[in-house]
Amino acid sequence: MKVTYKEIKSDILSKIVKGEWAPGVLVPNEEDLAEIYQCARATVNRAMRELASEGIIERRRKAGTRVRMTPLRQASFDIPKIRDEIESKGATYRYYLAKRSVEVAPDWLSARLELPQGGKVLHLICMHYADGTPYQYEDRWINLSALPAAEDTDFSKIGPGEWLLSTIPFSEAEINLSAGLAEKNVADYLGCAVGDPMFIIERSTRWQEDAVTYVRFSYRPGYRLTTRY
């Protein structure tokens, strides 16, 4: 059976997402790929054209084709960086990794992200500060079967949100906004009282068929959300 361009595209995407082809890496040329996949060069060319149009790879004459350093996102909105949000207010940004652990995904997360039983996830608790004042509490889970490179990344130096935005695009995102009350563990980090009203954002993203991450952001009283379209 002849391989289709969709199968080639899917295989190349898998290599990029799983870190086999890192950002900036030179991709084999079309002749070599046609030999690897045992297909016509035109089939490879169609797969590569679609990957380029979706912002996954960058093609340049005489310079070859590379995996983009920052994948473009073909979505109706951009996921903002908390650093940019804080600095746009004229404040100094600071980040702190409070907790890091590799765990078997709890049942509620497996159900939410449709993960297989026993799937491994990276759990991160992070804090973001504006001029030294607690600004955002981040409780994040990353699906390691979709993004194994996350397990070896030093998140003490870069926030997971920034890293994800520069590492993998998203094809689907779900965002929930709600009000809640501060529980003790969150109140301690945000410097507010237990039971104080909080603004909460929950977001999960997927790339193709794979769930990538689920994150819950908590904000102390007084936070104001602004959006622009």
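See above for the structure.
Description of the structure in this document. The structure presented is a predicted model; accordingly, all values stated were derived computationally and were not measured.

**Describing the overall build of the protein chain**
Secondary structure summary: the protein chain contains 7 helices and 9 strands in total. Seen through its principal axes, the protein chain has C-alpha atoms that stretch 65 × 40 × 30 Å. Every one of the 229 residues in the protein chain was classed for burial, and the buried ones make up 43%. Taking the contacts inside the protein chain whose residues are at least 6 apart along the sequence as the reference set, 59% of them involve residues at least 24 apart. On the protein chain, roughly 12,900 Å² of surface is accessible, and the fraction owed to carbon and sulfur atoms is 49%. Both charge centroids of the protein chain, one from 32 positive and one from 32 negative side chains, sit 5 Å from each other.

**Re the sheet that holds strand β9 (residues 210-219)**
In spatial order, the strands read β4-β5-β6-β9-β8-β7; together these 6 strands make up an open sheet with antiparallel pairing. One side of each edge strand has no neighbouring strand; the edge strands of this open sheet are β4 (93-104) and β7 (172-181). Between one strand axis and the next, the sheet turns by 15 degrees as a mean value, whatever way the strands run. Bridge count between β7 and strand β8 (residues 197-207): 10 bridges; the pairing is antiparallel. Bridge pairing in β8 links leucine 177 to isoleucine 201. Strands β4, β5 (120-130), β6 (133-143) and β9 of the sheet are contacted by helix α6 (residues 160-167), whose axis makes an angle of about 50 degrees with β6.

**Focus: the packing of aromatic side chains**
For any two aromatic rings, the description comes down to two numbers: the centre-to-centre distance and the angle of the planes. For the structure on display, the rule yields 9 aromatic pairs. Consider the rings of phenylalanine 199 and tyrosine 223, whose centres lie 5.8 Å apart with planes at 20 degrees: the pair is stacked. You can see phenylalanine 199 sitting in strand β8 and its partner tyrosine 223 sitting in the segment after β9, a full 24 residues away along the chain. When its relative accessible area of 22% is taken as the criterion, phenylalanine 199 is described as partly exposed. One aromatic cluster is present, built from ring pairs that chain together Tyr135, Phe199, Tyr219 and Tyr223. Its guanidinium or amino end placed over the ring of tryptophan 21, lysine 15 lies 6.0 Å from that ring's centre, counting from NZ or CZ.

**With respect to the nonpolar core**
In this structure, Ile12, Leu33, Met48, Ile142, Leu147 and Phe155 are the most contacted members of the largest nonpolar core, which totals 45 residues. The biggest single contributor to this core is helix α1 (residues 5-17), with 6 residues. Discounting chain neighbours no more than four positions away, the residues touching isoleucine 142 are Lys120, Val121, Leu122, Leu124, Leu147, Ala150, Phe155, Leu164, Val212 and Thr213. Counting residues in each nonpolar core, the second largest holds 10 residues, with Tyr137, Ala182, Cys192 and Met198 among its members.

**Let's talk about the pattern of salt bridges**
Enumeration over the complete set of coordinates arrives at 12 salt bridges. Close ionic contact of glutamate 31 with arginine 41 constitutes a salt bridge, the shortest N to O distance being 3.4 Å. Within this pair, whereas glutamate 31 is found in helix α2 (residues 30-37), its partner arginine 41 is found in helix α3 (residues 41-53), the two being separated by 10 residues in sequence. Given a relative accessible area of 46%, arginine 41 falls into the partly exposed group. Its salt-bridge partner being arginine 216, residue glutamate 202 comes within 3.7 Å of it at the nearest N-O pair.

**A closer look at α6**
Burial within α6 is extensive, with 6 of its 8 residues counted as buried. Among all positions of α6, only Pro160, Glu162, Trp163, Leu164, Leu165 and Thr167 are buried. Structurally, α6 contributes buried residues whose contacts are with α4 (82-88), β4, β5, β6 and β9.

**Remarks on α2**
Turning to α2, its buried residues number three or more, namely Glu30, Leu33, Ala34 and Tyr37. Down the axis of α2, the sector holding all buried residues measures 105 degrees, keeping them to one side. In α2, the exposed positions angled more than 90 degrees off the buried face are occupied by Glu31, Glu35 and Ile36. Two or three places before glutamate 31, at the opening of α2, asparagine 29 has a side-chain oxygen 3.2 Å from that residue's backbone nitrogen.

**Remarks on unusual backbone geometry**
A positive phi angle is found at glutamate 114, which is not glycine, with a value near 60 degrees. Inspection of the secondary structure assignment puts glutamate 114 in the loop between α5 (107-113) and β5.

Procedures and definitions
- Residues numbered from 1 in each chain as written.
- Predicted model: local features only at pLDDT ≥ 70, side-chain atom pairs only at ≥ 80, totals over all residues.
- Heavy atoms only, no water.
- Helix = DSSP H or I, 4+ residues; strand = E, 2+ residues; numbered from the N terminus.
- Buried < 20%, exposed > 50% of the residue type's maximum accessible area, 1.4 Å probe, protein only.
- Contact = heavy atoms within 4.5 Å.
- Areas by Shrake-Rupley, 256 points an atom, 1.4 Å probe, with all protein chains shown as cover.
- Lys, Arg positive; Asp, Glu negative; His and termini not counted.
- Charge placed at Lys NZ, Arg CZ, Asp CG, Glu CD.
- Pairing = 2+ DSSP bridges.
- Axes fitted to C-alpha atoms, helices over the stretch in contact; angles between N-to-C directions.
- Phe/Tyr/Trp six-rings, centres within 6.5 Å; stacked < 30°, edge-to-face > 60°.
- Lys NZ or Arg CZ within 6 Å of the ring centre and 35° of its normal.
- Core = buried A, V, L, I, M, F, W, Y, C linked by side-chain atoms within 4.5 Å.
- Salt bridge = Lys/Arg side-chain N within 4 Å of Asp/Glu carboxyl O.
- Arc of directions from axis to C-beta.
- Polar contact = N/O pair within 3.5 Å; in protein donor to acceptor, adjacent residues only side chain to side chain.

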